[in-house]
Amino acid sequence: TLSLTVAGRTKTVVDYVGTDAGLPLAIRNLESEIDEAAGTARWVNGDDRTLAALEEENWPFTDATKENLAIYGTAVSGRIMPLLEHYLEVAAPVVSLDPKEASPLCVASGTGDLGLVRRMVVPVTVKGLPGKAVQIPESVANQCLLSAARSGKVAVLQFWLDKEADPAAQPLKVTGNWESGLSVLQNGVTSCKAEMVRKLLEAHAPMLA
């Protein structure tokens, strides 16, 4: 929605489909110019300016609030490296207090980045030494297993199997993630990785015997 007020008169344009529905290109260009001037991307998608903007607002990076963990998850999924590294450095919470909200740790599992998952589970201290391992609730471990299966990365899946995540656990519906209602095996199939499916069938074999 773009509103412009000049001399007490206001005009408003709602851009629903954009130029595909006949919106003048001049308005689309004006929208882009406004977004660029306001630095909108740092808040909508996240970019290299997001960390500085949050620090200026004295953002509570170490709080386990829904809002903070959502930004952490965005930093992970969007690979916003300055922001992601900051979250890791301050040992920000990686587990959501609400099981229906995606934990940053599970978002990382969904990227298939085993190194990142390990860093989040065992934070590194300011001296570069391994810190105290994060306690992962069973429900979160199971959710991370689901995400790992969807990533197609067997190494991440094995990490969670080694943590005794249950491949037969009933999946929880995570807000904003339609795939979260699928089983571990179904998530493995969506990865389109034959190796992942074989691994999951092996994990299920003792339960099916």
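Structure's up top.
This is a predicted model, so every value here is computed, not measured.

Caption draft 1: Local environment of the packing of helix α7 (residues 114-121) against helix α9 (residues 154-162). With their axes 9 Å apart at the nearest point, α7 and α9 run at an angle of 30° to one another. As the angle between them shows, α7 and α9 are arranged roughly parallel. Every residue of α9 that contacts α7 at L114, V117, R118 and V121 is listed here: A155, V156, F159 and W160. Its residues placed into classes, the contact of α7 with α9 shows seven nonpolar, no polar and one charged.

Caption draft 2: How the structure looks around the packing of aromatic side chains. Taken as a whole, this structure holds three aromatic pairs when the rule is applied. Each ring, one from Y72 and one from Y87, has its centre 4.3 Å from the other, and the planes form 5°; the classification is stacked. Placement of Y72 in helix α4 (residues 66-77) and of Y87 in helix α5 (residues 81-89) is noted, with a sequence separation of 15 residues between them. In this structure Y72 comes out as buried when scored by relative accessible area, which is 1%. Ring centres 5.1 Å apart and planes at 90° place the aromatic pair F159 and W160 in the edge-to-face group. By relative accessible area, F159 is classed as buried at 9%. Ring pairing ties together the aromatic residues F61, Y72 and Y87, which thus form one cluster.

Caption draft 3: The pairing of strand β2 (residues 9-13), seen in detail. The sheet contact formed by strand β1 (residues 2-6) and β2 spans five bridges and is antiparallel. Opposite S3, over in β2, you have T12 as the bridge partner. Between β1 and the antiparallel strand that follows it, β2, lie two residues; A7 among them carries a positive phi value of about 55°.

Caption draft 4: Up close: the nonpolar core. Core analysis: the largest hydrophobic core is formed by 40 residues, its most contacted members being Y72, L83, L105, V117, M120, L157 and W160. Of all elements in the fold, only α3 (50-56), α4, α5, α6 (104-111), α7, α8 (138-151), α9 and α11 (194-208) reach the threshold of two or more residues within this core. Per-element tally for this core: the top contributor is α8, with seven residues. In this view, L105 contacts V94, V117, M120, V121, I136, C144 and W160; residues no more than four positions away in its chain are not counted.

Caption draft 5: Expanded view of the state of the cysteines. Per the counting criterion, the structure on display carries one disulfide. Disulfide pairing is shown between C106 and C144; the S-S distance is 2.3 Å. With the S-S dihedral at roughly -85°, the linkage between C106 and C144 falls on the left-handed side. Pair noted here: C106 is in helix α6 and C144 is in helix α8, with a separation of 38 residues, a long-range link. By the burial criterion, C106 is buried, and C144 matches it.

Caption draft 6: Focus on the side chain of N142. Following the sequence through the fold, N142 ends up in helix α8. Look at N142 and you get buried, because its relative accessible area is 11%. A polar contact is formed between the side chain of N142 and the backbone nitrogen of D166, at a distance of 2.7 Å. Beyond its immediate chain neighbours, meaning those up to four positions away, N142 contacts A165, D166 and A169.

The rules behind these values
One numbering rule holds for all chains: residues counted from 1, following each sequence as written. This being a predicted model, a pLDDT of at least 70 is required before a residue's local features are given, and a value of 80 or more before pairs of side-chain atoms are given or counted; all residues contribute to the totals for chains, interfaces and linings. Side-chain metrics in this entry use all non-hydrogen atoms of the structure; hydrogen atoms and water are not considered. Geometry is summarised by axes, namely lines fitted to C-alpha atoms with helices restricted to the contacting stretch, and by angles between N-to-C directions that run from 0 to 180 degrees. A run of H or I in DSSP counts as a helix once it spans at least four residues, and a run of E counts as a strand once it spans at least two, with each numbered from the N terminus. Roughly parallel covers angles under 35 degrees, roughly antiparallel covers those over 145, roughly perpendicular covers 65 to 115, and oblique covers all other angles. Note on contacts: a residue pair qualifies if any of its non-hydrogen atoms lie within 4.5 Å across the two residues. For this classification, Asp, Glu, Lys and Arg are treated as charged, while Ala, Val, Leu, Ile, Met, Phe, Trp, Tyr, Cys and Pro are nonpolar and the rest, including Gly, are polar. When the centres of two rings from Phe, Tyr and Trp lie within 6.5 Å, Trp using its six-membered ring, the rings pair. Their planes under 30 degrees apart give stacked, over 60 give edge-to-face, and anything left gives tilted. Exposure categories follow from relative accessible area, calculated using a 1.4 Å probe and restricted to protein chains: below 20% of the type maximum is buried, above 50% is exposed, and the middle band is partly exposed. Two strands make a pair as long as DSSP finds a minimum of two bridges between them. To qualify as a nonpolar core, a set must consist of buried Ala, Val, Leu, Ile, Met, Phe, Trp, Tyr and Cys residues joined through side-chain atoms within 4.5 Å. What counts as a disulfide here is a pair of cysteine sulfur atoms lying within 2.5 Å. For the purposes of these results, a polar contact is taken to be a pair of N or O atoms within 3.5 Å, where, inside protein, one atom must be able to donate a hydrogen and its partner to accept one; residues adjacent in sequence count only when each atom of the pair is a side-chain atom.

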